[in-house]
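What follows is each chain in one-letter form.
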Amino acid sequence: MRNKIAIVTGGTSGIGKEIARGLARAGFLVGIVCRSEMRGRAAVEELTADVPGARIETFLADLSALQDVRRVAASLEERFDRLDVLVDNAGVHMMRAKESADGFDRMVATNHLGPFLLTNLLLGPLEKAAPSRIVIVASEAHRFADRLDPARMAEPGSYRAAGSLRVYGRSKLMNILFAQELARRLEGSGVTVNAMCPGFVATGLTRELPGNARIGGLLSHTPVMRTPAQGARMALKLALDEEFEGRTGGFYSSTPGAGLVPEAGPLKNEVLRRAVWEQSARLVGLPPR
Ligand SMILES: NC(=O)c1ccc[n+]([C@@H]2O[C@H](COP(=O)([O-])OP(=O)(O)OC[C@H]3O[C@@H](n4cnc5c(N)ncnc54)[C@H](OP(=O)(O)O)[C@@H]3O)[C@@H](O)[C@H]2O)c1
């Protein structure tokens, strides 16, 4: 029987490492896309020591840089002609605005434009392996997005910690709109796409936030704060469980109480969804599909 292949971006730490561990336990050959060779090697050593027979490979790329994304997509396609699962997990919450190598806001480039391009470039191998699944790690923080103007969505800005949540929230809203639109475009292909929120998870994501250690310390005594393994559960269900076979275009939140809050308006906005897709495609240089 052919080995199943899964790609996880940002599999070197936090939620991504736990997603990679879960997929390795399920028997997948796991390709981790990461930007540090050293952290990649450490993750491979940890996961292979923990999961008997695990096969983990690393592929280096800084997802905020489009040239790197194109290069790693080509390496992945050369190595694997079929992909069963792609988990777009890598992400950052930057507390201070920075510009990406391509002149975009670096948080938006890392969290949305890089994954948008990578996923589009890997559709061939995903379609070949169908039924196959794409899981996008988004966030309930999409509710902090404020207004999302597609024409200006990746413009470099000048925010600091206080304003950073709006930009982070916008990048996570783009994740969900991307999942919805890609699911629509892939209807009938056998490739499903879903977005999820892992809840509030103790990872290094907010390491730059002033007072992060103190807030984290306080929250760790409450059931609100989850471990990375708990945070990975929903992504693993979407990637593996029979229950989700054929289900596509959804946003699944594991944040306690999220089900009690109405869906955010932009998630019902088809015009916005298409506009974000078209602008993303223009910015990363993808032909209309
Ligand atoms: N923690 C939470 O409470 C929470 C809540 C909702 C959603 N999320 C989402 O969960 C995902 C994982 O975050 P986490 O909490 O597990 O944080 P984390 O421990 O900081 O992990 C983030 C991962 O993304 C990688 N990454 C960051 N920038 C990258 C780049 N430019 N190129 C390639 N890889 C890059 C990191 O690699 P390095 O090791 O090189 O930095 C790391 O492996 C993110 O998408 C985040 O938005 C987290």
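Refer to the preceding data block for the structure.
About the thresholds
- Residues numbered from 1 in each chain as written.
- Predicted model: local features only at pLDDT ≥ 70, side-chain atom pairs only at ≥ 80, totals over all residues.
- Helix = DSSP H or I, 4+ residues; strand = E, 2+ residues; numbered from the N terminus.
- Rg over C-alpha atoms; globule rule 2.2 N^0.38 Å.
- Buried ≥ 20, exposed ≤ 12 C-beta atoms within 10 Å, placed from the backbone.
- Axes fitted to C-alpha atoms, helices over the stretch in contact; angles between N-to-C directions.
- Parallel < 35°, antiparallel > 145°, perpendicular 65-115°, else oblique.
- Contact = placed C-beta atoms within 7 Å.
- Nonpolar A, V, L, I, M, F, W, Y, C, P; charged D, E, K, R; others polar.
- Core = buried A, V, L, I, M, F, W, Y, C linked by C-beta atoms within 7 Å.
- Near = placed C-beta within 6 Å.
- Pairing = 2+ DSSP bridges.
- Expected span 1.5 Å × (residues − 1).
- Left-handed = near helix turned anticlockwise from the far one by under 90°.

**Student:** Describe in detail the overall build of the chain, supporting the description with residues and values.
**Tutor:** Helices and strands together make up the secondary structure of the chain, namely 9 helices and 9 strands. For 289 residues, the compact-globule estimate of 2.2 N^0.38 gives 19 Å, and the C-alpha radius of gyration of the chain, at 18 Å, lies within 12% of that figure. Taken along its principal axes, the extent of the C-alpha atoms in the chain is 50 × 45 × 40 Å. Taking all 289 residues of the chain together, the buried fraction comes to 47%.

**Student:** I'd like a rundown of the packing of helix α4 (residues 106-121) against helix α9 (residues 270-284), residues and numbers included.
**Tutor:** One can describe the packing of α4 onto α9 by two numbers: an axis separation of 10 Å at closest approach and a directional angle of 80 degrees. Relative to α9, the element α4 lies roughly perpendicular. Packed against α4, whose contacting residues are His 112, Leu 113, Phe 116 and Leu 117, the element α9 presents Ser 280, Leu 283 and Val 284 at the interface. Residues that form the contact of α4 with α9 fall into these classes: 5 nonpolar, 2 polar and no charged.

**Student:** Requested: an account of the nonpolar core, with residues and values cited.
**Tutor:** Ranked by size, the top nonpolar core spans 82 residues in total, and within it Ala 6, Leu 23, Val 87, Met 196, Ala 235 and Ala 239 carry the most contacts. Counting residues per element, this core draws most heavily on helix α6 (residues 161-185), at 9 residues. The residues contacting Met 196, other than those within four sequence positions of it, are Val 135, Val 137, Ala 138, Met 234, Ala 235, Leu 238, Phe 251, Tyr 252 and Ser 253.

**Student:** Could you give me a rundown of the site of the ligand, with the residues and numbers involved?
**Tutor:** In the region of the ligand, 27 residues are neighbours, and Gly 10, Gly 14, Ala 90, Gly 91 and Thr 203 sit closest. When contributions to the shell around the ligand are tallied by element, the ones reaching two or more residues are α1 (14-25) and β7 (200-201). Looking at the shell around the ligand element by element, the count peaks at 3 residues for α1.

**Student:** Could you give me a rundown of the sheet that holds strand β2 (residues 29-34), with the residues and numbers involved?
**Tutor:** Strands sit in the order β3-β2-β1-β4-β5-β6-β9 across an open sheet of 7 strands; the sheet is parallel. Of all the strands in the sheet, the pair left with one neighbour each is β3 (55-60) and β9 (251-253). When the angles between neighbouring strand axes are averaged without regard to direction, this sheet yields 20 degrees. In this structure, strand β4 (residues 85-88) lies alongside strand β5 (residues 132-137), joined through 4 bridges in parallel fashion. Among the inter-strand pairings, Asp 88 is bridged to a residue of β5, identified as Ile 136. In this fold helix α3 (residues 66-79) packs onto β1 (5-9), β2 and β3, with an angle of close to 150 degrees to the strand it touches most, β3.

**Student:** Report on α1, specifying residues and quantitative values.
**Tutor:** For α1, built from 12 residues, the straight-helix expectation of 16 Å at 1.5 Å per residue is met to within 8% by its first-to-last C-alpha distance of 17 Å. Residues of α1 that are buried include every one of Gly 14, Ile 15, Gly 16, Lys 17, Glu 18, Ile 19, Ala 20, Arg 21, Gly 22, Leu 23 and Ala 24, and no others. Downstream of α1 by a residue or two, Gly 27 has a phi angle that is positive, lying close to 95 degrees.

**Student:** How would you summarise the environment of Met 95 if you had to cite specific residues and measurements?
**Tutor:** By the element assignment, Met 95 lies in the loop between β4 and α4. According to the C-beta neighbour criterion, Met 95 is buried, with 20 such atoms within 10 Å. Taking C-alpha positions, Met 95 is 7.8 Å from Ala 162, a pair spaced 67 residues apart along the chain.

**Student:** Please give an account of the packing of α3 against α4 that cites residues and values.
**Tutor:** Running from N to C, α3 and α4 cross one another at 25 degrees; their axes reach a closest spacing of 9 Å. Looking at the two axes, α3 sits roughly parallel to α4. The interaxial crossing formed by α3 with α4 has right-handed handedness. From α3, Leu 66, Val 69, Arg 70 and Ala 73 reach across to α4, where they touch Gly 114, Leu 117, Leu 118 and Leu 121. Considering only residue class, the contact of α3 with α4 consists of 6 nonpolar, 1 polar and 1 charged.

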